[in-house]
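What follows is the residue order along each chain.
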Amino acid sequence: MRIDVLTLFPEAFENILEVSIVRRARQKGLLEVVLSNIRDFALNNYNSVDDKPYGGGPGMVMMCQPILDCLEQVEADGPGKGRRIMLSPQGQPFSQNLARELAQEERLILIAGRYEGFDERIRIALQPLEISIGDYVLSGGEIPAMVIIDAVTRLLPGALGDERSTEQESFTAGLLEYPQYTRPEVFRDLGVPEVLLSGHHAKIEEWRSQQARQRTRQRRPDLLAELANETEEQKSDIQNNRKS
Ligand code: 4GS
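Residues numbered from 1 in each chain as written. Predicted model: local features only at pLDDT ≥ 70, side-chain atom pairs only at ≥ 80, totals over all residues. Heavy atoms only, no water.

A. Quick peek at the overall build of the protein. The number of helices and strands found in the protein is ten helices and seven strands. A compact globule built from 244 residues would reach a C-alpha radius of gyration of about 18 Å, whereas the protein, at 22 Å, exceeds it by more than 25%. Its C-alpha atoms give the protein principal-axis dimensions of about 70 × 55 × 40 Å. Counting the 244 residues in the protein, one finds 36% classified as buried. (Helix = DSSP H or I, 4+ residues; strand = E, 2+ residues; numbered from the N terminus. Rg over C-alpha atoms; globule rule 2.2 N^0.38 Å. Buried < 20%, exposed > 50% of the residue type's maximum accessible area, 1.4 Å probe, protein only.)

This is the structure in structure tokens:
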């Protein structure tokens, strides 16, 4: 996969590209990240990329021209057009499902803004998929872009090595994780649940499944409701398929 990032702060990405799974994916040739500085496309003597909002009000707005020129150059380079993605609180909420969808693409083009927002004509011209990482206001789209890079990269085939089986991941899909323990067996008087020491794989699996469901019910009942919805949708998909 190739991921292009259009940003005013390319240097903000350097650290995350150099650690852990993202670094390994790049070394293995599974992922290429190309950073482009929007400011390189500014035309006036001040290198402006933002301006005052029409109609007044506080803050500045990202101008159309530098972003569109930057995107046109990025798209002209390299393979395929890719999926245009703009980071903003107005976007579709990011989720594991969306990460899985994006992991299927050959190329992503992430547009990270600063200031109070984008000139609306950037949206009209580019028709990007707009993604939000949560209902809070950040000072730039860089961190949301890093969130997407991280979540998508670990889903690229081969990125995790074979230490984690997809079987294991689908078993708890849509639920919170069950509690995990590692050595020592006793730490400051705190032990490890007996079942995990038993070597009884079926019982361990049952305990983990029960814990995951209990934890999800207590902390994130919204996730259980969503799972129930998905199951209903799948049932009706199957029925519709039978009819058609
Ligand atoms: C988010 C967010 C965000 C909005 C960028 C104000 C600077 C800022 N982007 N998910 N202008 N939450 N963006 O807060 O994606």
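Moving on from the coordinates now.
B. Quick peek at the side chain of glutamate 130. Position of glutamate 130 among the secondary structure elements: in strand S7 (residues 129-132). A residue is classified by how much of its surface remains accessible, and glutamate 130, at 16% relative accessible area, is buried. In contact with glutamate 130, other than residues within four places in its own chain, are Met86, Ser88, Gln90, Gly91, Gln92 and Arg123. (Contact = heavy atoms within 4.5 Å.)

C. Looking closely at the site of the ligand. The full set close to the ligand counts 15 residues, and Tyr115, Ile133, Gly134, Tyr136 and Leu138 are the nearest of them. Taking tyrosine 136, its main chain carries an N or O atom lying 3.0 Å from a nitrogen atom of the ligand. Taking 370 Å² as the accessible area of the ligand by itself, protein coverage stands at 92%. Looking at the shell around the ligand, the elements that each hand over two or more residues are strand S5 (83-93) and S7. (Near = heavy atom within 4 Å. Polar contact = N/O pair within 3.5 Å; in protein donor to acceptor, adjacent residues only side chain to side chain. Areas by Shrake-Rupley, 256 points an atom, 1.4 Å probe, with all protein chains shown as cover.)

D. Focus on the nonpolar core. Grouped together as the largest cluster of nonpolar side chains are 30 residues, with contacts concentrated most on Leu102, Leu110 and Ile131. Counting residues per element, the ones that place at least two in this core are strand S1 (2-7), helix H2 (20-27), S5, helix H4 (96-102), strand S6 (107-111), S7 and helix H6 (142-153). In terms of residue count, the dominant contributor to this core is H6 (six residues). Excluding residues that lie within four positions of it along the chain, isoleucine 131 makes contacts with Ile85, Met86, Leu87, Ser88, Gly91, Gln92, Phe94, Leu98, Leu102 and Ile148. (Core = buried A, V, L, I, M, F, W, Y, C linked by side-chain atoms within 4.5 Å.)

E. Layout of the pattern of salt bridges. In this structure the tally under the stated criterion is 14 salt bridges. Its salt-bridge partner being glutamate 120, residue arginine 123 comes within 3.0 Å of it at the nearest N-O pair. Of this pair, arginine 123 and glutamate 120 both sit in helix H5 (residues 120-126), separated by three residues, roughly a single helical turn. The exposure class of arginine 123 is buried, given its relative accessible area of 12%. Taking the relative accessible area as the measure of exposure, glutamate 120 reaches 45% and is therefore partly exposed. (Salt bridge = Lys/Arg side-chain N within 4 Å of Asp/Glu carboxyl O.)

F. Fine view of the pairing of S6. Counting buried positions over the five residues of S6 gives five, a clear majority of the element. Two elements, S1 and S6, share five bridges in a ladder whose sense is parallel. Counterpart to isoleucine 3 in the pairing with S6 is leucine 108. As judged from the four bridges shared by S5 and S6, these two strands associate in the parallel manner. Bridged to methionine 86 within S6 is isoleucine 111. A crossover connection joins S5 to the parallel S6 through H4; in handedness this β-α-β unit is right-handed. (Pairing = 2+ DSSP bridges. Right-handed = clockwise from strand over helix to strand, strands pointing away.)

G. Quick look at a nonpolar patch on the surface. Judged by side-chain polarity, Tyr136, Leu138, Ile143 and Val147 come together as a nonpolar surface patch covering roughly 340 Å² of accessible area. Along the polypeptide, valine 147 turns up in helix H6. (Patch = residues over 30% accessible without salt bridge, like charges linked within 9 Å, V, L, I, M, F, W, Y side chains within 5 Å.)

H. Highlighting unusual backbone geometry. Of note, the bond from arginine 183 into proline 184 is cis; its omega dihedral lies within 30 degrees of zero at 10 degrees. Looking at the element boundaries, proline 184 is found in the loop between helix H7 (166-171) and helix H8 (194-197). Backbone geometry at asparagine 47 places phi at a positive 55 degrees, although glycine is not the residue there. Of note, the phi angle at glutamine 127 is positive, near 45 degrees, even though the residue is not glycine. When you line up the elements, glutamine 127 lands in the loop between H5 and S7. Taking relative accessible area as the criterion, glutamine 127 reaches 63% and is therefore assigned exposed.

I. How the structure looks around helix H9 (residues 201-219). In this model, H9 (19 residues) spans 27 Å end to end at C-alpha, consistent with the 27 Å of a helix rising 1.5 Å per residue. Among the residues of H9, those classed as buried are Ile204, Trp207, Ser209, Gln211, Ala212 and Thr216. (Expected span 1.5 Å × (residues − 1).)

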